[in-house]
Amino acid sequence: MTALLARWLYSLALRLLTPVYLARLWWRGSREPAYRKRLGERLGRYALPPRRGQGGVVWVHAVSLGETLAAAPLVAALRNELPQMRLLLTCSTATGVAAGHELLQPEDDQTWFPYDSPGAVRRFLKRYRPAVGVIMETEIWPNLMHAARAAQIPMVLANARLSAKSQRKGRRVALLMRPAIAAFTRVLAQTARDAQRLRESGARPVEVCGNTKFDITPPAKLLARGHQWRQGQARLVVLMAVSREGEEQPLLDAWRALPSTRPLLVIVPRHPQRFDEIAALVERNGFSLQRRSSWTDTPPAAAADADVWLGDSMGEMPLYYAMADVALLGGSFAPLGGQNLIEAAACGCPLVLGPHTFNFEDAAQLAIEAGAAVRMNDLHGAVRRAVALVHDPRRNDWVEAALAFAGSHRGATERMAQRIAKLLTGLESA
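All residue numbers refer to position in the chain's written sequence, counted from 1. It should be noted that, the model being predicted, local features are given only for residues of pLDDT at least 70 and side-chain atom pairs only at 80 or more, the latter also being counted only at that level, while totals for whole chains, interfaces and linings use all residues. Excluding hydrogens and water, the side-chain figures rest on all heavy atoms present in the structure.

Undergrad: Explain the sheet that holds strand β1 (residues 57-61) to me, using residue names and the numbers behind them.
TA: Pairing between strands is defined by DSSP: at least two bridges between the two strands are required. Here a strand is any run of E in DSSP of at least two residues, a helix any run of H or I of at least four, and the numbering for each starts at the N terminus. Ordered in space as β3-β2-β1-β4-β5-β6-β7, the 7 strands form an open sheet in which the pairing is parallel. Each edge of the open sheet is held by one strand with a lone partner, namely β3 (109-112) and β7 (206-208). Strand-to-strand twist in this sheet, taken as the mean axis angle between neighbours without regard to direction, amounts to 20°. By the bridge criterion, 3 bridges tie strand β5 (residues 155-160) to strand β6 (residues 186-189) in an arrangement that is parallel. Each bridged residue has a counterpart across the sheet, and for Ala 160 the counterpart in β6 is Ala 189. Every axis in this analysis is a line fitted to C-alpha atoms, fitted for helices over the stretch in contact. Angles between the N-to-C directions lie between 0 and 180 degrees.

And the structure:
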């Protein structure tokens, strides 16, 4: 089979699955209404004309919340390098879209990322005509990359990462994925291991620039509020940060096994559509619950006696990290690859990691080596280790280590912004 035939079969499959794709978005919209809005944009069909201005369009795609947060410092740095630029921001999830609103200026545009059918991506690129496309982290779509190359749009894979697991999956469909990866004008990798895997997968040229997540500065107001909440809490605080499916029940089982004088447990689920599900789960397990969404700036008096707080709010992770004495990293206790641990370190929160951190393997190892984190094999052991840590008189050393770890890896954003700007100013050839 040739690469052309592989992409044709892939495109045919997408066409046949389009009704399923739209139905899935509509179903998801029953819990998150944003998914039912502007459905035509998913297929490259738009109700309103694009905004026009003097500067060139810099298109940044950040699939979800984590990538949007990682894109924030890069967008700011690109505005410094290219003062006349107009941002086109695309996302694939409702949380990404909501977070992306904060990055927009009056002449900018935001839209849903198009479905990777040939027609949808051609219509998208023809409508917006970006001067450059910047794809954050891991999003590689065969038809999009083919259309961008045909339209002579330089494409950059920024903050790029590729785990060993994803590389193995890519090899199974190499005829499809290898040409797509090779179509990037430039790949700016997080680590040397990411760069090596990307080269082996067909990317050229590849440069190691670091991770933009180290350049994210937690909002001072959220940190201050978190510290205030901690000072008003008589108990020690353990946070389950960005929990994922399959982790909450083992967490509650481990929590029940602790002595009755437990710390306060704060659970912040990864996905907002699971807030009610986790609230019901906590109460079925016999724990008293307070929900963050039930108060404004200050926890009510009743919250002081609750066994568990549910962090059912968006955009407040720095607050929860600032409040916690120690955090368990969600997504790392089920085989899901872990979540961004850099944000916790930047907030000075020590971490207990599970065994599954393949999405952030280098950052996890560096955090452990820096004394900002420790790894445990399961949630029962992690809970015991976390409780021991909050009582450890050396906990302040962990806090200092976390802050030092986060601060020592800054600078990736400026390096990436300079490389991208050079593609547009003609100082660097494609």
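Next comes the rest of the write-up.
Undergrad: Quick one: what's the story with the packing of helix α4 (residues 118-128) against helix α5 (residues 142-150), residue by residue and with numbers?
TA: Packing of α4 against α5 leaves a shortest axis separation of 9 Å and a crossing angle of 45°. With respect to their mutual orientation, α4 and α5 come out oblique. α5 is crossed by α4, and the crossing has right-handed handedness. Across the interface between the two elements, Pro 118, Val 121, Arg 122 and Leu 125 of α4 pack against Asn 143, Leu 144, Ala 147 and Ala 148 of α5. For the contact of α4 with α5, the per-class residue count stands at 6 nonpolar, 1 polar and 1 charged. For this classification, under 35 degrees means roughly parallel, over 145 means roughly antiparallel, 65 to 115 means roughly perpendicular, and everything else is oblique. Handedness of each helix crossing follows the sense of rotation of the near helix against the far helix: counterclockwise by less than a right angle gives left-handed, clockwise gives right-handed. Residue contacts are counted whenever heavy atoms from the two residues lie within 4.5 Å of one another. Just so you know the grouping, Ala, Val, Leu, Ile, Met, Phe, Trp, Tyr, Cys and Pro go in nonpolar, Asp, Glu, Lys and Arg go in charged, and all remaining residues, Gly too, go in polar.

Undergrad: Help me get a handle on the nonpolar core, residues and values and all.
TA: Here, nonpolar core means buried Ala, Val, Leu, Ile, Met, Phe, Trp, Tyr and Cys residues that are tied together by side-chain atoms lying within 4.5 Å of each other. Each residue gets one of three labels from its accessible area relative to the maximum for its type: buried under 20%, exposed over 50%, partly exposed in between, using a 1.4 Å probe on protein chains only. Counting residues in each nonpolar core, the largest one holds 42 residues, and the members touching the most others are Leu 239, Val 266, Trp 309, Met 317, Tyr 321, Leu 341 and Leu 351. Among the elements that make up this core, the one with the highest residue count is helix α12 (residues 317-323) (6 residues). If you look at the next biggest cluster of nonpolar residues, it comprises 33 residues, including Leu 25, Ala 94, Ala 158 and Ile 420.

Undergrad: Explain a nonpolar patch on the surface residue by residue, including any values.
TA: Only residues whose relative accessible area exceeds 30% and that form no salt bridge are eligible for patches; like-charged ones are grouped when within 9 Å, while nonpolar side chains (Val, Leu, Ile, Met, Phe, Trp, Tyr) are grouped when within 5 Å. Shrake-Rupley sampling with a 1.4 Å probe provides the accessible areas, and residues are treated as covered by the protein chains on show and by no other component. The salt bridge definition used is simple: a Lys or Arg side-chain nitrogen within 4 Å of an Asp or Glu carboxyl oxygen. Side chains of Met 1, Leu 5, Trp 8, Leu 9, Leu 12, Leu 16, Leu 17, Val 20 and Leu 175 sit close together on the surface and give an oily, nonpolar patch of about 890 Å² of accessible area. Tracing the backbone shows Leu 175 in helix α7 (residues 174-182).

Undergrad: Hey, could you go over the environment of Arg 193 for me, with residue numbers and the actual values?
TA: With respect to the helices, strands and loops of the structure, Arg 193 is situated in helix α8 (residues 192-200). Distance from Arg 193 to Ser 163, taken between C-alpha atoms, is 8.6 Å for residues 30 residues apart in sequence. Setting aside anything within four residues of it in sequence, one finds Arg 193 in contact with Glu 361 and Asp 362.

Undergrad: Describe helix α2 (residues 65-81), naming the residues involved and giving the relevant values.
TA: The terminal C-alpha atoms of α2 lie 25 Å apart, and with 17 residues this matches the ideal 24 Å at 1.5 Å per residue to within 8%. Of all the bends in α2, the greatest, near 30°, is centred on Ala 71, and the proline Pro 73 appears no more than four residues after it. Within the sequence span of α2, burial applies to Glu 67, Thr 68, Ala 70, Ala 71, Pro 73, Leu 74, Val 75, Ala 77, Leu 78 and Arg 79. The span one expects for a helix is its residue count, reduced by one, times 1.5 Å. One axis fitted to the seven residues ending at a residue, another fitted to the seven starting there: the angle between these axes is the bend at that residue.

By themselves, these figures tell us nothing about what the structure is for.
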